[in-house]
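These are the residues of each chain, in order.
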Amino acid sequence: MQWSINPVNNAPDQTQIVAYCCKHCAYAAADLAGGLRMQYPPSVKIIELPCTGRMDVLSLLEAFEQGADGIMVAG
Amino acid sequence: MGQNSIPSSSIDPNTAAPIRINPNGKVGSVLVVGGGISGMQSALDLADQGFKVYLVEKETAIGGKMAQLDKTFPTNDCAMCNISPKLVETGRHPNIEIITNGTIHHISGQKGNFSVQIWQEPRYIDIEKCVACNDCVEVCPVIVPDVFNEDLIQRTAVFKEYPQAIPNALAIQKAGVAPCRDACPTGQRAQGYIALIREGRWDDALRVIKMDNPFPGICGRICNHRCEDACNRSKVDEPIDIRALKRYVTDKVYENPREKIEPVEILYPDKKVAIIGAGPCGLTAAQDIINDGFPVTIFESLPVAGGMLRVGVPEYRLPAEIVDREVQDIVDLGVDLQLNHRVDDLDQLFKSGFQAILIAVGAHEGVRPPIPGANLPGVLVSTNFLRDVSLDIFPDLGKKVVVVGAGDVAMDVARTALRLDAEVHVVYRRRAEDSSAGEEEIRHAKEEGIEFHFQTNPTEIISGSGDKLSGMWCVDTEPGTVDKSGRPKPVPVPESKHFLECDTVIFAVGQRAGLAFIPDDAGVGITDKNTIAINPNTFAATREGVFAAGDSIFGTAYVIEAISSGHTVARSIVRYLQGKHLEPERKPPLPVVELSHQDLQERIARGEVERKPRVPLPEIDAADRMDNFNEVVKGYDEASAMEEAARCLACGICSECMSCVFACGTDAIDHDMVSTEKTIQVGGIILAPGYKTYPAEKSEEFGFGRFPNVLTSIQFERLLSASGPTMGHIKRPSDGVLPKKIAFLQCIGSRDQNHSYCSSICCMAATKEAVIAKEHHPELDIHIFQMDMRSFSKGYWDYFKRARDQYGVHYHHCRISGILEEPDSHNLILRHPADSDPANTIIHETFDMVVLSVGMEISDDVRILGQQLGISLLPEGFSNCQKGSPLETNLPGVYAVGPFRSPKDIPESVIEASGAAGVISSYLSDVRFTETTTREYPIEQDISCEPPRIGVFVCHCGSNIAGYIDVPQVTEYAAAMPFVVHAESNLYSCSQDSIKHITETITEQNLNRVVVASCTPLTHQPLFQDSIRDAGLNPYLFEMANIRNQCSWVHSADDQAATLKAKELIRMAVAKVNKHSAQETIDVPVQKNALVVGGGAAGISAALTLAEQGFPVHLVEKDDNLGGQLRNLHIPLNEYDPQQLLKDLRIKAQDQKGLTTHLNSTVISTSGFKGNFTSQIESGDGGITSIQHGVTILATGGEEYRGPEYGYGTDPRILTQQDLEERLSKDSTLKAVPLNGSIVMIQCVGPAEEYCSRICCTNALKNAKALKSSRPDLQIHILYRDIRVYGLMEQLYTEVRDLGVLFFRYNDEQKPDLETPPGRVLQIKSWDLSLGKQIKFEPDLLVLSMPVIPHSDMNNLANRFKVSLDQDGFFLEAHVKLRPVDFSSEGIYMAGLAHYPKLIEESIIQAQAAASRASIILSQDTLKAGGSVAVVAQGECTGCLTCVRVCPFEVPIIQSEVPGVGQTLGAAYVEPAICQGCGICVAECPAQAIDLMHYTDSQLKAKVTALLHPEDLTLLML
């Protein structure tokens, strides 16, 4: 199994925002934003949670530690 | 009953469901009519209890009115966020069959076993195939008002009502056949190509034309355009110039180089067809026949093809090149065209191998009238003359030509002769208005200098020198009696004979078919009019295999008829060759759309249609055209064509232009769908058809429809919605500007002469809309004009106070009588009394926008439904329900819920919906699970020891994803990821064949984890999970990457970025699914018993509803007898006597099998969880009974407040309403009160100042009415803040006022004051707001409307059952709108006064609802537990109680006997059967001893690492 990364796909200057979204509201809202073709920066990557109550501080800090430029928790 | 009943023999056995009828005759299925929030709730409750549900909705999607709302009060929750999960649940429930576009026609049978006929209108899109990709919407050219958005914007004729609609499929709206199409013999879809021209889609427009007409360039010039004669636009101004538009688009496309047409494949080489005549009819038939795969040869006697089009119509009207091109398009299909080939013998054709012959020779023989000299050499006939000129043979006409006749052909002849340099006269025996020539033709001829001699009849032609004539004798005529043609017969005028000199006469008085080649023995019959005898349906001649069409059967006709008959005869010939019956099957026709003048006036008034004449066509000046054959009439230019096209009214809505059919990638569109009828058997019926809003344009004084800035409340709701027409921005329709000052006018269509009821929701809805608007723009100045603030439900009064005090919404007690508009600014002027002024001076105030709070009405459809089914309706249209069984209609087994019973808001509708489900299950319980199906899956494979083998399926979603994302590149990228053994892309991953393919691929490739990169998991995950379960995989071994809603759609401006992000999202999904493991669910057995606490009306009703289903019930009552507050009610509110009700309930409870009543008892402890509770009941004698039960219903009641306000308790003349009722029940005439005495009632006492106790106004009015009925002499004065009767109780308020009871309004600042020295006359002073004066009352009795308050021990009770209370001490429901009888702890439900003050009937309904919810658990043998739930690693637990404290559902417990960390006893435990999977305890656990399955720390971390460190992916996944 050979996994090689195309450098274009991991441009170091690419901003990465991790958005933790509750699937009942914020994730559904993001879906609707898509339906309405509202544009936002592609740097936002949504991770679905069953409820934002699931989100703990350690996980947030760890995402920063890994290099996330910003984190959003929406729910 | 219904009039539209059909005999049962006409039921299609394939569509009738197999019915298993229980031996006792009951059927285990239920019909729910109406897919709004109540219909869905009923359907879900029943389906979850083991009944099959048919949910019939008249629209194309379920969701009802709630789907249109932006927010809901009093929580300001997003309405769609609340309803959307219900929509999905309803749509996916295996035992709910949704029938959209459905109506009920007829019901027969009885309670337990009804037979129902359902009529389903076609949606023209196959729900099974449609994947809702919206590709059809992109191409649909028809624009109509968007009803879901209350006509504020437009949508296409193919549509989905709203993005989240269920079924998730589009539909096509058709009103019928547009009159233009109906009038056209070929059925040209004029509306369709006009719409496409409006959009500048020339190729698409021509494609539409060519579907029905192979000669668009020709018909665009010379058609007699019946479409225009039928056009509805002529009722507005002038018909659309359809012919000119057709010509424009044809010319536009023909400007481009001609694309080569490929010959069609000949499928049946032996079945040759001969066509005699290459005119429009023969050519049309040739095209159709060869397109069906049969070889065609056309024999034409002339040297050119095109028939009359080519040799009968002069160049200046129809250039030959247009004809030649369109003929060539047909010949190029592979038709063998033999010119100069005259056919003389039909037998010879058959002998040479032709299987069928079409005679389409047209009518080329000119007619000469039988007058002397008609055959002289200088006399010509029209057909020969025009043909010769077309073939460049120019006869010598001499100087002066007389053309006889004044039809279109005569005009062609005259104008052609003129162009050959002759002086031309037209002689016609009738009047000018009798001429059959087009107006335009005569105008052109006159412009060119042709002289007309009307009412002139030639009698003899006289020869002259050589081939020339000297002239003709004529007589004048005058109109006589009307002849067969409908015109006055020309009668010769005596002594009017005169001579008209001329060199040539050309007859243009008719033409006929030249059938000389058909000998008498050919077996082909000829009519006495010298046309071929045919069957008019099939065009078959009398000889087998011979057909005839076109002018040779009709005589002369127009080109469009020739084309039409060509199509018809082609269909017959093909059927003949296929050996089928010649007569085609008839399809039910769609109605023709006739727009009435009134419809059109309304559309003009709404601004949808603007008066505008047709765009004129340019012409060459007469002077420039007489010496040549150049085309006289010019076509439109692009701008004019688009402008003219925009005038079309789109009468049929969908025009069947077929653009959607070409665009659809799943072949889901079927324009030929027809209505279907099916009959179902059901055991019970719930009617939840909902309401419609009052049409505000009926109240003309408010200018709705005329003043653009007057909106309805539901329109304003759409403006507020982020997914609405303005994306949630409040804009004035007139100028798109944010209004500064908005007025809401209440009771528009409620509480008026035509509406005897209160619509119940509008006060709160307006308040909510005001609050939300203020949240958008705090600077907005909002005024609400109302009569009373009817905030009578839980949390509503508080909400109102917040709106008034915190948000600064202004309320005025005033009903506005009309609106004026400032015409320039479109600002609106209201006239109302100044609030601050005690003299109530009238002022004029200007607003930027006015919102009309429109009330509820029952639609005509629902009234008709009621009548058809035999349901008794009130005059207002609401269902007239039975008083003892509040939800039941007059038909036993048929129930009414929601606004169909009376106006009401969402929670009450939901309660009634569950209540009706409860009542139905109480008599259908023995046939549960007889009609339901369970989905079977193969046994799950254990993959826990296998290395990951991941499959990735990337969806194109038509162009929705593939239009922006490089799908092949992304798929290739996915294929290279670690452990990914299979990656592929699909056009539509969710289409049925793809789903099956995924299942097969899992098996073939031995996959053990699957990623689908497509749309949103919220709608599609369950579908894909099913497909992997079908392959034996656990559903949790799955993950979705949302590359559509959250990638391609939102980054559509940047394809590269979208492609890159899609790769990242898939990478994250692959990393996470790699860490997924199978999640097991376990079955937990259910204790099929119930505990009901509280023996009032609610408790007894709940207990009965459950016990009747066969579930043993323990009913615990703390008093020594049953009845609760019902014991204190004596005066009926409606016809039902409360004490009789109490008696009935007690008897039923006593007799009910399985119902154990524990009097003088309390529940002292309870433990366990849903399905498995254990409780201890202590009886009065101290004995303790322990029971096990699956559910608990708390119906512990409330009581009347008895505080010291207004001197209560100090004077026997001061009573509560309950005291008064009690006294009236014993002494109905109140003997102690003197004649002409007086009574004062004060509303909103004590705690009711803080929350509205809902029922006090109704009780006061009820008692006042009883008093006035028995003692008309008494004066009754009611001091109130707002009269909060609601729904149909408004009628009681009206009645009481009519009885002479007087009402005085006070407010919180100036409450009434009791100034009574002890033992003296009672004295009350009150400031009356309407009069602006202090009023003094000296009543004989003072009656205080004391509110209902919760019992004092509610706190203890709440602690014991681990349930929550609201701020006023009542039970707190799980969700105030959608779960109004559930506690947030599962398995526990509430009913009655302990939830909130309510009327008896409402308590009973709520009890039935609680029983229904409880039955969902009790009807199951086991409950599923597990899946995505929190799991405690007990060995790491410190027993710190954090999880116990933070869980909102009170699930975690400490198991004191289980060792935690360091073997210390006491570790937390989360019961999987009730864990909601929110993960709050996981986040909060300081020891990190809890993890949430499927959302574990390592799984979430894998996503982040995969995103940020792709280089570590292999390491991460190992």
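Keep in mind it's a predicted model, so treat the numbers as computed, not measured. (Residues numbered from 1 in each chain as written. Chains lettered and ligands numbered in written order. Predicted model: local features only at pLDDT ≥ 70, side-chain atom pairs only at ≥ 80, totals over all residues. Heavy atoms only, no water.)

Peer 1: Honestly, the pairing of strand S59 (residues 1324-1328) of chain B in this entry has me stumped. Any pointers?
Peer 2: Residues and elements named next belong to chain B. Burial along S59 is one-sided: the face carrying Ile1324, Ser1326 and Asp1328 is buried and the face carrying Lys1325 and Trp1327 is not. Two elements, strand S58 (residues 1313-1314) and S59, share two bridges in a ladder whose sense is antiparallel. Within S59, the position partnered with Asp1313 by the bridge is Lys1325. Inspection of the sheet shows S59 paired to strand S60 (residues 1333-1337) by five bridges, in the antiparallel sense. If you follow Trp1327 over to S60, its bridge partner there is Gln1334. (Buried < 20%, exposed > 50% of the residue type's maximum accessible area, 1.4 Å probe, protein only. Helix = DSSP H or I, 4+ residues; strand = E, 2+ residues; numbered from the N terminus. Pairing = 2+ DSSP bridges.)

Peer 1: Would you mind showing me how to read a negative patch on the surface here?
Peer 2: A cluster of acidic side chains, namely Asp421, Asp621, Asp624 and Asp627 of chain B, defines a negative patch on the protein surface. Secondary-structure assignment places Asp624 of chain B in the loop between helix H19 (597-605) and helix H20 (638-645). (Patch = residues over 30% accessible without salt bridge, like charges linked within 9 Å, V, L, I, M, F, W, Y side chains within 5 Å. Areas by Shrake-Rupley, 256 points an atom, 1.4 Å probe, with all protein chains shown as cover. Salt bridge = Lys/Arg side-chain N within 4 Å of Asp/Glu carboxyl O. Lys, Arg positive; Asp, Glu negative; His and termini not counted. Charge placed at Lys NZ, Arg CZ, Asp CG, Glu CD.)

Peer 1: How should I be thinking about a nonpolar patch on the surface in this particular structure?
Peer 2: On the surface, Val57, Leu58, Leu61 and Phe64 of chain A cluster together into a nonpolar patch covering about 400 Å² of accessible area. Relative to the elements of secondary structure, Leu58 of chain A occurs in helix H2 (residues 57-66).

Peer 1: Just checking my understanding: could you explain the pairing of strand S44 (residues 1038-1042) of chain B for this structure?
Peer 2: Walk down a regular strand and you will see the side chains alternate between the two sheet faces. All names here are of chain B. Within S44, five of the five residues are buried, which leaves it mostly tucked inside the rest of the structure. Here S44 shows a buried face lined by Phe1038, Met1040 and Asn1042 and a second buried face lined by Glu1039 and Ala1041. Where strand S43 (residues 1009-1014) lies against S44, five bridges are found, and the strand directions are parallel. Looking at S44, one finds that Val1010 is bridged to Phe1038. Regarding the hand of the β-α-β motif, the stretch spanning S43, helix H29 (residues 1017-1029) and S44 is right-handed. (Right-handed = clockwise from strand over helix to strand, strands pointing away.)

Peer 1: Which parts of the structure should I look at to understand the sheet that holds strand S27 (residues 546-548) of chain B?
Peer 2: Either a parallel or an antiparallel arrangement is found when strands of a sheet pair, and the pairing is made through backbone hydrogen bonds. All names here are of chain B. Here five strands make up an open sheet; going across it, the order is S14-S13-S12-S15-S27 and the pairing parallel. The open sheet has two edge strands with one neighbour each: strand S14 (336-338) and S27. Between one strand axis and the next, the sheet turns by 20 degrees as a mean value, whatever way the strands run. One ladder, built from three bridges, connects strand S15 (residues 354-359) with S27; its direction is parallel. Note that in S27 the partner of Ile357 across the bridge is Val546. Where helix H18 (residues 559-577) meets the sheet, its contacts fall on strand S12 (272-276), S15 and S27, and the angle it forms with S15 comes to roughly 165 degrees. (Axes fitted to C-alpha atoms, helices over the stretch in contact; angles between N-to-C directions. Contact = heavy atoms within 4.5 Å.)

Peer 1: Is there a simple way to think about the packing of aromatic side chains in this case?
Peer 2: Residues and elements named next belong to chain B. Applying the stated criterion across every chain yields a total of 24 aromatic pairs over all chains. Aromatic side chains Tyr1251 and Tyr1396 sit 6.2 Å apart centroid to centroid with 55 degrees between the ring planes, which places their arrangement in the tilted category. Of this pair, Tyr1251 sits in the loop between strand S55 (1238-1242) and helix H35 (1256-1270) while Tyr1396 sits in the loop between strand S63 (1388-1390) and helix H38 (1400-1418), and the two are 145 residues apart along the sequence. Each member of the pair, Tyr1251 together with Tyr1396, is buried. With a centroid separation of 5.1 Å and an interplanar angle of 75 degrees, the aromatic rings of Tyr1293 and Phe1303 are classed as edge-to-face. Of this pair, Tyr1293 sits in helix H36 (residues 1290-1298) while Phe1303 is found in strand S57 (residues 1302-1305), placing the two residues 10 residues apart along the sequence. One aromatic cluster in this structure is built from Tyr428, Phe452 and Phe454. For Arg419, the ring lying beneath its charged end belongs to Tyr316, and the centroid distance is 3.9 Å. (Phe/Tyr/Trp six-rings, centres within 6.5 Å; stacked < 30°, edge-to-face > 60°. Lys NZ or Arg CZ within 6 Å of the ring centre and 35° of its normal.)

Peer 1: Looking at this structure, I do not really get the packing of H35 of chain B against H36 of chain B. What am I missing?
Peer 2: When two helices pack together, their arrangement is captured by the angle between the axes and the distance separating the axes. Residues and elements named next belong to chain B. At a closest axis distance of 10 Å, the pairing of H35 and H36 adopts a crossing angle of 40 degrees. Taken together, the axes of H35 and H36 lie oblique to each other. Crossing angle aside, the handedness with which H35 passes H36 is left-handed. Residues Thr1258, Leu1261, Lys1262, Ala1264 and Lys1265 of H35 pack against Leu1292, Tyr1293, Glu1295 and Val1296 of H36. Its residues assigned to classes, the contact of H35 with H36 shows five nonpolar, one polar and three charged. (Parallel < 35°, antiparallel > 145°, perpendicular 65-115°, else oblique. Left-handed = near helix turned anticlockwise from the far one by under 90°. Nonpolar A, V, L, I, M, F, W, Y, C, P; charged D, E, K, R; others polar.)

Peer 1: How do you make sense of the environment of Glu1436 of chain B when you look at a structure like this?
Peer 2: All names here are of chain B. Within the element layout of this structure, Glu1436 appears in the loop between strand S65 (1430-1432) and helix H39 (1442-1446). With a relative accessible area of 44%, Glu1436 lands in the partly exposed category. In this structure, the C-alpha to C-alpha distance between Glu1436 and Gln1488, residues 52 residues apart in sequence, is 8.0 Å. Excluding residues that lie within four positions of it along the chain, Glu1436 makes contacts with Val1461, Ala1487, Gln1488 and Ala1489.

Peer 1: Would you take a moment to explain H29 of chain B for this structure?
Peer 2: An α-helical turn contains 3.6 residues, so any two residues separated by three or four positions project in the same direction. Within H29 of chain B the residues assigned to the buried category are Pro1017, His1020, Gln1021, Phe1024, Gln1025, Asp1026, Ser1027 and Ile1028 of chain B. Looking at the buried positions of H29 of chain B, the neighbouring elements they touch are helix H1 (26-35) and strand S2 (44-49) of chain A together with helix H2 (79-92), helix H28 (992-1005), S43 and S44 of chain B. Capping the start of H29 of chain B, Thr1016 of chain B holds a side-chain oxygen 3.1 Å from the backbone nitrogen of Leu1018 of chain B, two or three residues further along. (Polar contact = N/O pair within 3.5 Å; in protein donor to acceptor, adjacent residues only side chain to side chain.)

Peer 1: Would you mind going over the packing of helix H27 (residues 967-975) of chain B against helix H31 (residues 1055-1074) of chain B with me for this structure?
Peer 2: All names here are of chain B. Across the interface, H27 lies against H31 with an axial gap of 10 Å and an inter-helix angle of 30 degrees. Accordingly, the angle class assigned to the pair H27 and H31 is roughly parallel. Considering how the two elements wind past one another, H27 and H31 form a crossing that is right-handed. On H31, the residues touching Gln969, Val970, Tyr973 and Ala974 of H27 are Thr1059, Ala1062, Lys1063, Ile1066 and Arg1067. For the contact of H27 with H31, the per-class residue count stands at five nonpolar, two polar and two charged.

Peer 1: Please clarify how the confidence of the model for chain B should be interpreted in this entry.
Peer 2: Close reading of the predicted structure is inappropriate where its pLDDT is low. Mean pLDDT for chain B: 93, with 98% of residues reaching 70 or above. Note on the complex model: pTM 0.87, ipTM 0.95. (pLDDT = per-residue confidence, 0-100.)

Peer 1: Quick question: what am I supposed to make of the sheet that holds strand S61 (residues 1341-1344) of chain B here?
Peer 2: Residues and elements named next belong to chain B. With parallel pairing, five strands are arranged side by side in an open sheet as S54-S61-S55-S56-S57. The open sheet terminates on both sides in strands that have one partner only, identified here as strand S54 (1214-1216) and S57. Strand-to-strand, the axes of this sheet are offset by a mean angle of 25 degrees, without reference to chain direction. Direction of pairing for strand S56 (residues 1275-1280) relative to S57: parallel, over a ladder of four bridges. Paired with Leu1279 across the two strands is Phe1304, which belongs to S57. Across the sheet, helix H34 (residues 1217-1226) touches S54, S55 and S61, and the angle it forms with S54 is around 90 degrees.

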